[in-house]
Amino acid sequence: MGGAGQRRGARLSSSRRLRPVGILGGTFDPVHVGHLRAALEVRAALDLAQVRLIPARLPPHRPQPVASARHRLAMLRLAVRGVAGLVVDDCELQRAGPSYTADTLAGLRLQLGRRPLCLLVGDDAFRGLVSWHRWQDLFDLAHVVVMHRPPLADAPPCELPLALTQALSGRSAASPQALAETPAGLVWRQALPPLDISATRVRAALRSGASVRFLVTDSCLRYIRRHHLYTD
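Our subject in this report is the structure included herewith. (Residues numbered from 1 in each chain as written. Predicted model: local features only at pLDDT ≥ 70, side-chain atom pairs only at ≥ 80, totals over all residues. Heavy atoms only, no water.)

This part covers the state of the cysteines. Tallied over the full model, the rule gives zero disulfides. Left unpaired, Cys118 is separated from the closest cysteine sulfur, that of Cys91, by 16 Å. (Disulfide = S-S within 2.5 Å.)

Encoded structure:
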């Protein structure tokens, strides 16, 4: 979101400045290379200390996962094994009830103190932010990094809900470096390379017997086949 913008929250002194931690949630049903590339791209662009991939136990805004929490967690751990800077966090799987992002960020804030947190969300999810549980609290707990891919040439512009537009006033980060200067409260838009992959597409291909090679990691594909996941 270009422009200087007013920085919310107390700034960290340069001597105590900490590299932010990225948070990427989802069902990961299954995890695919689109998830992994997005996490790596944003980590490099924003100089994040790490990106924590957090699988949801009970996602409140989408259909319930097809694979069990145990299988989704196992596939995620296999997919990031040996990948520097990507960490699996099962905090939502350990918590009963719906997997509300505000609750997750509040727990991480207690754990990590004043280290900056960056909540990574896709463009579509960001436009629907006002429907999230305690959505306004998110800005008190983390920065919001909106990941977007180049739009189609004929795609009409999408307007944000008025309440969200008002909440964003003065929150635009002037640069990625600004995210490291305060624990929370800013918004940054991060472009990603085109990569049209979705878990829905992967599951459909598996059900039909089509190849998903290079859509998921080899370790994840072996796990899916061994446990006969996503097949009728």
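Glancing now at the sheet that holds strand 6 (residues 187-191). Here we have six strands laid out as an open sheet, ordered 3-2-1-4-5-6, and parallel in their pairing. Edge positions in the open sheet fall to strand 3 (86-88) and strand 6, since each of these has one partner strand only. Across the sheet, the axes of successive neighbouring strands diverge by a mean angle of 30°, strand direction being ignored. In terms of strand pairing, strand 5 (residues 143-148) meets strand 6 through five bridges, oriented parallel. Across the sheet, the residue bridging to His148 is Ala191, located in strand 6. Helix-sheet contacts for helix 3 (residues 101-112) involve strand 1 (21-26), strand 2 (50-55) and strand 4 (117-122), and the interaxial angle to strand 4 is about 155°. (Pairing = 2+ DSSP bridges. Helix = DSSP H or I, 4+ residues; strand = E, 2+ residues; numbered from the N terminus. Axes fitted to C-alpha atoms, helices over the stretch in contact; angles between N-to-C directions. Contact = heavy atoms within 4.5 Å.)

Geometry only, nothing functional implied.
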